[in-house]
Every structure is written in structure tokens, then in C-alpha cells.
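Summary of the model geometry
Letter by letter, the chains look like this.
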Amino acid sequence: MSIVVRLEEQPLEPGRELDEILRRATDDGAVVSFVGVARPRSRSGDALQELVLDHHPTLTLQSLEDIAVSAAERFDVSHIQVVHRCGAVRTGEPIVFASAASPHRRAAFEAADYLMDRLKTEAVFWKKEVGPAGSEWIEPTAADYAERERWG
Amino acid sequence: MRVLFYGRLAEAIAPELEVDAPPGCSVGQLRDRLAAAHPSAEQTLRSRRARACVGAVMVHDDHVVGPTETVEFLPPVSGG
């Protein structure tokens, strides 16, 4: 079992992260990965230039680690890798990489799904959408909270 | 007393503030003072999902702030 969690100030490279978990998952039969990307438009349809992720010096990483550990305890997975951007992320660039490796695909799919539902609502970030029309701090949607509730 | 803010609170107030609070001031009293001084931040400061932390540990409004403690006000998180 290995859990790798990082807070990344530099551009995130999903291919490199996938290579890393694949190298550790040599005894597994499945690796599922998810890449979240900064959307080019706000919920109201305005064009965006970047997403700014403010974070806490200790609580942010702690929240990512807590979620990763919880996924490892809940599902039959061998390895977990969570890498999250902070700072300014240009639209189209990756924000988060979440991956789980398991002997069988179902547990890997479920763990990755669980990781993202919890990250989307509980990770300690404060996100601001920035575009030509101005900027706006955003919070999880009702749909995000509903997805989180599926796991109890 | 040193007070730190994040997210929309840092934008509305400041990332860091030195508050001249009396000895024995609680987190709730500090919140009231900040809300009165920064009306644009009041709704966020009083949000059900907002949190106050001392030493990176969540505290309730009745926590009495020690003379050397730093209080952090965290707006509702956005998630990742």
C-alpha cells in the first residue's frame, strides 16, 4: 500500500503522475485515473482566463491526505495518488490528478470516484474564477454536495 | 492580536490584520468586531460553513484567545 499526496504550485503533468502510480502498481490489475481541468467558462457562461486556488499552509494538504487515507481504508486498493494544483491555473490546464490502483477494476473505479466527490466538496481551497468580466469566488454546487452524500 | 484570513475574506478585509482586542476576548467577540468593521465580509464571517482556527485547530466562538495566539478565519471551502 502506498499513498502519495502532493500540493503542486507548478503546472501539473498528468502523464508523469500516471507513470508514477503505474510504476508502483506492478502487482495490480487496474489503475483508474481522473484529471480535472480548469473550465473555460463560468457557471453563468462568462469566458474565463484562470482559476485562482487560495490555500491554507497546513490544513489544505491535511485535507487531501485525510481524503486519500479514507479512500484507502474504504476500498480494496493498493496505491493512491492525489496531486492538486494551488495558485493561478489557466483555463484548459489540469487542476487535479486522482488515481487508484487495485487488483481489480471495480475497486479502482470506485476509489477514484470517491476521491473526487470528497475532493470537490471538502478539500480546503478557496477558488476564484477570473475573466475579462471580473472575478468571483465560487463554492461547491448542490450537485457536488449531492454526489458527496452518495458515500454516506 | 494577529488575525489571518483566506479566500474572499482575505480579499474583503486583508490577508493579515493586527487587531487591538481586549484581554479575554473570545473568537465570537472578535468575529463581531470584524463584522462591524468590515460590513462587506459580515455574511461570510457569519456563514454556517465558515470556520475559525487557532493553531490550525478548529475552535468555537466561546474560545478565549490567548495573548500570543493567532486566529484564522476560513470562509466556506470551495473544494478542489
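Heads up: the structure comes first, above all this text.
Here goes a summary of the coordinates provided. (Residues numbered from 1 in each chain as written. Chains lettered and ligands numbered in written order. Predicted model: local features only at pLDDT ≥ 70, side-chain atom pairs only at ≥ 80, totals over all residues. Heavy atoms only, no water.)

1. Examining the packing of helix α2 (residues 59-74) of chain A against helix α3 (residues 105-122) of chain A
Residues and elements named next belong to chain A. As a packed pair, α2 and α3 sit with axes 10 Å apart at the nearest point and diverge in direction by 155 degrees. One finds that α2 runs roughly antiparallel with respect to α3. Crossing hand, α2 versus α3: right-handed. When α2 is examined against α3, the residues Ser63, Leu64, Ile67, Ala68, Ser70, Ala71 and Arg74 are found in contact with a partner set consisting of Tyr114, Leu115, Arg118, Leu119 and Glu122. Each residue belonging to the contact of α2 with α3 can be placed in one class, and the counts come to seven nonpolar, two polar and three charged. (Axes fitted to C-alpha atoms, helices over the stretch in contact; angles between N-to-C directions. Helix = DSSP H or I, 4+ residues; strand = E, 2+ residues; numbered from the N terminus. Parallel < 35°, antiparallel > 145°, perpendicular 65-115°, else oblique. Left-handed = near helix turned anticlockwise from the far one by under 90°. Contact = heavy atoms within 4.5 Å. Nonpolar A, V, L, I, M, F, W, Y, C, P; charged D, E, K, R; others polar.)

2. Comments concerning the interface of chain B and chain A
Each partner contributes residues to the interface: chain B has 16 residues there, and chain A has 22 residues. Carbon and sulfur atoms supply 53% of the area buried between chain B and chain A, which totals about 1,700 Å² over both sides. Across the contact surface, chain B and chain A share two salt bridges. Across the pair Glu139(A) and Arg8(B) runs a salt bridge, and its minimum N-O distance is 3.3 Å. Counting every contact that joins chain B to chain A gives 15 residue pairs in polar contact (both at pLDDT 80 or more). Of all the secondary structure elements, the ones that give two or more residues to the side of chain B that touches chain A are α1 (7-12), β3 (51-54) and β5 (70-74) of chain B. Looking at the side of chain B that touches chain A, the element that brings in the most residues is α1(B), giving three residues. (Buried area = accessible area lost by both parts, 1.4 Å probe. Salt bridge = Lys/Arg side-chain N within 4 Å of Asp/Glu carboxyl O. Polar contact = N/O pair within 3.5 Å; in protein donor to acceptor, adjacent residues only side chain to side chain.)

Just geometry here; none of it tells us what the structure is for.
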